Amino acid sequence: MDQRSCCRNREVDTLFVYSDEALTQLVRKEQAGSPAEVPLDAGTTYFWRVKAFDKAGNQGEASNTFTFTIN
């Protein structure tokens, strides 16, 4: 099996970043492992979780919610 056919069938992890604890104000949605510069506000606490999706669109359960603060 070549590398291209191997990778087409794998799951994709997606990172969700929210500005509120209720997870209703989505700030950013990115595939995990794809670096990106994301402008976030200083002095703000953000909430994040990860969810896996397979190529058929089926999704796994979301991870626990974690927080971080930009100083």
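Coordinates for the structure precede this section.
Reference entry: report on the structure contained in this document. Predicted model, so just to flag it, every value in this text is computed and none were measured. (Residues numbered from 1 in each chain as written. Predicted model: local features only at pLDDT ≥ 70, side-chain atom pairs only at ≥ 80, totals over all residues. Heavy atoms only, no water.)

### A short note on the pattern of salt bridges
So, point 1. Tallied over the full model, the rule gives 1 salt bridge.
So, point 2. Linking arginine 28 and glutamate 30 is a salt bridge whose minimum nitrogen-to-oxygen distance equals 2.7 Å. (Salt bridge = Lys/Arg side-chain N within 4 Å of Asp/Glu carboxyl O.)

### Some points on the side chain of lysine 51
So, point 1. Mapped onto the elements of the fold, lysine 51 is located in strand 3 (residues 45-53).
So, point 2. Despite being buried, lysine 51 has no salt bridge partner; glutamate 61 is the closest side chain of opposite charge, sitting 9.4 Å away.
So, point 3. At 3.0 Å, the side chain of lysine 51 and the side chain of glutamine 59 are in polar contact.
So, point 4. Sequence-distant contacts of lysine 51, defined by excluding residues within four places in its chain, comprise Val12, Asp13, Thr14, Phe16, Gln59, Gly60, Glu61 and Ala62. (Helix = DSSP H or I, 4+ residues; strand = E, 2+ residues; numbered from the N terminus. Buried < 20%, exposed > 50% of the residue type's maximum accessible area, 1.4 Å probe, protein only. Lys, Arg positive; Asp, Glu negative; His and termini not counted. Polar contact = N/O pair within 3.5 Å; in protein donor to acceptor, adjacent residues only side chain to side chain. Contact = heavy atoms within 4.5 Å.)

### Topic: the environment of tryptophan 48
So, point 1. Within the secondary structure layout, tryptophan 48 lies in strand 3.
So, point 2. Once you skip the residues sitting within four places of it in the chain, tryptophan 48 turns out to touch Leu15, Phe16, Val17, Asn64, Thr65, Phe66, Thr67 and Phe68.

### A word on unusual backbone geometry
So, point 1. Positioned with a positive phi, leucine 23 is a non-glycine residue whose angle comes to about 60°.
So, point 2. Its location among the elements puts leucine 23 in the loop between strand 1 (12-18) and strand 2 (26-31).
So, point 3. A residue is classified by how much of its surface remains accessible, and leucine 23, at 18% relative accessible area, is buried.

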